[in-house]
Amino acid sequence: MGDEVRAGVTLTNLDQPLFDGADATKRDLIDYLEAVGERFVRQLRDRPLSMVRVRPGQEPFMQKNLPKYTPEWVRRVTVWAESSHRDVTYALCDDVRTLVWFGNQRAVEYHPTLLLADYSAGQTHLVLDLDPSPGQTFRDAVRAAELIRTALRADGLDGAVKTSGAKGVHVFVPIVAGIPIEDAAAATRAVAARAERLDPALATTAFIRDDREGKVFLDSTRSGGATVVSAYSPRIRPGVPVSYPVGWADLADATPADFTLRTAPRRLGERDPWAEEMPAPQELPADLVAEGHTIPVARVQAMHEGKRRARARRAT
């Protein structure tokens, strides 16, 4: 079949398989992106965007820097990356045309930052990423999400929940603009610690994988310029599941396989459940921030502990 034009974008190779195990074509991806359209763009707009692309015969790869052949009409922002000591030019996916263009580049996964392009406003949400250990199920992640919700409510906060598109769950807590990144990060750590105390047999904040003992990991490390897969983003997994918003009342009956490239548009209809379920931005309680500042940063703590264990092994 010849090329097609949609949303002002010339599309190519639409009938190629999307990736091994997808049971879907590139056309299916474009159809999905068009169907979710503006609802998806609302989650990406004005946020530096990393994407996972998959080319035929190649392993998926994360793209941060925009390629040189990107059309001029794609908005972008250049950010200094401390880790690689260079400027990175990120896309800003501000309209459906841009989304469809990315789909034509075989961008399957969309990972925006928690910060807007204007970093001065601070991050827009706290994010808790709940990841079951091997041998656990999605149901365990759901139980852990309920712990997070209980901990939030005890401090007058609320959040919205979505599947990760894998076997985990993400809880997003919208916060008011202008909160220092260090305070937002501290509050996220405190929420996770309080949830862990509610049921330490089910959930853990242990960053080192070997220390999790078959429990759900309450990952509180997403803050500042970190990314998290967007609501409505497909995932590069068999059947192409989608990170999908689920109401708290429906979470216990959901499974990740319910929400795929093919089924999600029918389930959505004209609704935007992520917008419907998301509370208004909230102030962070002082006690939560203060407790969080007493909790070590997990990645830093894990690095020091890893070095300590390595020294201990060498000494034996």
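Rules and cut-offs
Numbering of residues starts from 1 in every chain and runs along the sequence as written. Given that the model is predicted, a residue must reach a pLDDT of at least 70 before its local features are reported, and side-chain atom pairs must reach 80 or more before they are shown or counted; all residues, however, enter totals for whole chains, interfaces and linings. Hydrogens and water molecules were not included; the side-chain quantities draw on all heavy atoms of the structure. Between any two strands, pairing holds if DSSP finds at least two bridges. Numbered from the N terminus, helices here are DSSP runs of H or I no shorter than four residues, and strands are runs of E no shorter than two. We call two residues in contact when some of their heavy atoms are within 4.5 Å. Here, axes are lines fitted to C-alpha atoms. For helices the fit covers the stretch in contact, and angles between N-to-C directions go from 0 to 180 degrees. For the purposes of this section, nonpolar cores are sets of buried Ala, Val, Leu, Ile, Met, Phe, Trp, Tyr and Cys residues that join through side-chain atoms within 4.5 Å. To sort residues, take the accessible area from a 1.4 Å probe on protein chains only and compare it with the maximum for the residue type: under 20% means buried, over 50% means exposed, and anything in between is partly exposed. The source of the domain bounds is an automatic or database domain assignment.

J.: It is not clear to me how the sheet that holds strand E12 (residues 216-219) should be interpreted in this structure. Could you clarify?
T.: Paired through their backbone hydrogen bonds, the strands of a sheet run either parallel or antiparallel. Judged by pairing direction, the sheet is mixed, and its five strands sit side by side in the order E9-E10-E8-E12-E11 without closing on themselves. Looking at strand neighbours, the two that pair on one side only are strand E9 (160-163) and strand E11 (203-204), the edges of this open sheet. Direction of pairing for E9 relative to strand E10 (residues 169-174): antiparallel, over a ladder of four bridges. Each residue of the ladder has a partner; that of Ala160, found in E10, is Phe172. Helix-sheet contacts for helix H3 (residues 138-154) involve strand E8 (125-131), E9, E10, E11 and E12, and the interaxial angle to E10 is about 20 degrees. Taken strand by strand, helix H4 (residues 181-198) contacts E8, E11 and E12, and its axis lies near 40 degrees from that of E8.

J.: I'm lost on the nonpolar core in this one. Help?
T.: The nonpolar side chains of a soluble globular protein tend to be buried with one another. Membership of the largest hydrophobic core comes to 83 residues, with the highest contact counts inside it found for Phe102, Tyr110, Leu130 and Val171. With nine residues, the top contributor of residues to this core is H3. Among the domains, domain 1 (12-119 + 229-248) and domain 2 (121-226 + 280-305) are the pair contributing at least three residues each to this core. Among all residues touching Phe102, those that are not within four sequence positions of it are Leu49, Met51, Leu66, Val74, Ala91, Cys93, Ala107 and Tyr110. Membership of the second largest hydrophobic core comes to six residues, among which are Val77, Val79, Val88 and Tyr90.

It is worth stressing that arrangement in space is one thing and function is another; only the former is reported here.
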